[in-house]
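Commentary on secondary and tertiary structure
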Amino acid sequence: MAMINAYTGQSSTLSDEERALIARREAALGPAYRLFYQNPVHFVRGEGSKLYDADGNAYLDAYNNVASVGHSNPRVVEAIAKQAAILNTHTRYLNEVVIGYAERLLSKFPRELAHVMFTCTGSEANDLAVRVAKSYTGGTGFIVTELAYHGVTDAVSQMSPSLGKFVNLGEHVRTVPAPDSFRVPVDELGAYFARGVHAAIADMERHGIKPAAMIVDTIFSSDGVFVDPKGFLRDAVAEVQKAGALFIADEVQPGFGRTGDALWGFERHGLKPDMVSLGKPMGNGHPIAGLVLRHDVIDNFGRNSRYFNTFGGNPVSCAAGMAVLDVIEQQELQQNAKAVGAYLADNLRALAKRHPEIADVRGAGLFLGVEIIPRSASIAADALTTKVVNGLRERRVLISATGPRANVLKIRPPLVFSKADADTLTQALEEVLKTP
Ligand code: PMP
């Protein structure tokens, strides 16, 4: 599958300077990278919910979940600078900042999830989860959703069908239909998802594969954003645990308060995962990620396999992580995500009444999926969605798209997004939808 919202080289409005930068980028970074938008954007600065281009134009960021407490957040910047000026080392020495951060982070989890192992990326956290799950269960089979994304390492790219048909799934990986709340009646959603998981386990067993784990993004972002009804994940997790396998909650997307209801997506479903992977917003752009897990799950692995990740959880990264937690708490960003997310969803549902091509508005907190279905046969759903995403970009509002049909607007702004920002987004979307 071609990447959704990728630049195709057909831009009409780029300056000579930007064209030259694209050419240099392609020459230096090679052919595997993609830029966003028909007219790629060149940013030089960020602040709060805004990004600024080289000409000083402000863009409203309704997409980036990394700079979750706001672009260039001064508290986080100061914490990084201060710690970098004092000490930064690999992670084989005693250091108060690292231990203090680990303890503070763990205090945000159910007591059973007793340890955190630090990595630099979400991919590494999931890769470690895969190793630990294999070691703990003695199994090799993994269950993921049909359009999952879990990262770039060899192991987890084989569990990331959203990378497209040229990236093979692992032989021991089974996919299950995502819990598509738009197409499956909500009161059947839990049973529907669990049936897929049951079938995947049966198929593994028929092939002599012992299941090791199911890993899901608890907000199903690459599958199309599925969040409700709360608790629909429970039956599927029960199937997994009945088969002696583990449940890994990938919180790289929904974690750190984004859903508004809770700090972690799994909490919305009333679940206690065996392992939880963290990433993106954890350091507000500083590369820190991690795996939170139960003691018994890591016990044997810990004794037999050393774990050392040179940069993972270094003092500067941990200072950034600590500052992120401070800002989330002090600025009540989880509450903001809930309030502004609900306000934005209401705005968008009101807009849907005037523009029926908005077929569904779903989401939790500041992670919304807006399903676009054209009302006339003259344009395909993915083409209309691409038009909307690029139309917003021309109005200096940044979002992208997701889902198996590439027809779900993905709205996932920094958690400092305000109601005024939500109004700007809604007005821009209305203008785009009015444009033939
Ligand atoms: N899991 C999920 C659900 C993700 O969305 C991503 C990144 N998009 C990852 C894992 C991988 O994280 P990273 O890019 O930090 O390796």
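Quick look at the structure, then. The structure presented is a predicted model; accordingly, all values stated were derived computationally and were not measured. (Residues numbered from 1 in each chain as written. Predicted model: local features only at pLDDT ≥ 70, side-chain atom pairs only at ≥ 80, totals over all residues. Heavy atoms only, no water.)

Describing the packing of aromatic side chains
Per the counting criterion, the structure on display carries nine aromatic pairs. Centre to centre, the rings of Phe109 and Phe266 are 6.4 Å apart; their planes meet at 25°, and the pair counts as stacked. Placement of the pair is Phe109 in the loop between helix H3 (96–106) and strand S4 (115–119) and Phe266 in helix H8 (residues 265–268), with a sequence separation of 157 residues. The exposure classification of Phe109 matches that of Phe266, with both residues buried. Arranged with centres 4.9 Å apart and planes meeting at 75°, the rings of Phe256 and Trp264 form a pair that is edge-to-face. In this structure, Phe256 and Trp264 share a single accessibility class: buried. The side chain of Arg92 reaches across the aromatic face of Phe308, ending 3.8 Å from its centre. Taking the ring centre of Tyr63 as reference, the NZ or CZ of Arg412 above it sits at 4.3 Å. (Phe/Tyr/Trp six-rings, centres within 6.5 Å; stacked < 30°, edge-to-face > 60°. Helix = DSSP H or I, 4+ residues; strand = E, 2+ residues; numbered from the N terminus. Buried < 20%, exposed > 50% of the residue type's maximum accessible area, 1.4 Å probe, protein only. Lys NZ or Arg CZ within 6 Å of the ring centre and 35° of its normal.)

Details of helix H4 (residues 122–137)
Taking 1.5 Å as the rise per residue, H4 with 16 residues should run 22 Å; its terminal C-alpha atoms sit 22 Å apart, in good agreement. Restricting attention to buried positions, one finds in H4 the residues Gly122, Ser123, Ala125, Asn126, Leu128, Ala129, Val130, Val132, Ala133 and Thr137. (Expected span 1.5 Å × (residues − 1).)

Looking at the site of the ligand
Residues in contact with the ligand, as listed here, are Thr121, Gly122, Ser123, Asn126, Tyr149, His150, Gly151, Asp217, Asp250, Val252, Gln253 and Lys280. Residue Gly122 places a main-chain N or O atom 2.9 Å away from an oxygen atom belonging to the ligand. The contact in question runs from an oxygen atom of the ligand to an N or O atom on the side chain of Gln253, over 2.7 Å. Compared with its free state, where it exposes 400 Å², the ligand has 81% of that area covered by protein. (Near = heavy atom within 4 Å. Polar contact = N/O pair within 3.5 Å; in protein donor to acceptor, adjacent residues only side chain to side chain. Areas by Shrake-Rupley, 256 points an atom, 1.4 Å probe, with all protein chains shown as cover.)

Considerations on the sheet that holds strand S13 (residues 397–398)
One open sheet holds the four strands; their spatial order is S1-S2-S3-S13, and the pairing between them is mixed. Either end of the sheet is taken by a strand with one partner, and the two such strands are strand S1 (43–47) and S13. Across three bridges, the pairing between strand S2 (residues 50–53) and strand S3 (residues 58–61) is antiparallel. Bridge pairing in S3 places Lys50 opposite Leu60. Where helix H13 (residues 419–434) meets the sheet, it contacts S2, S3 and S13, and its direction lies at approximately 100° from that of S3. (Pairing = 2+ DSSP bridges. Contact = heavy atoms within 4.5 Å. Axes fitted to C-alpha atoms, helices over the stretch in contact; angles between N-to-C directions.)

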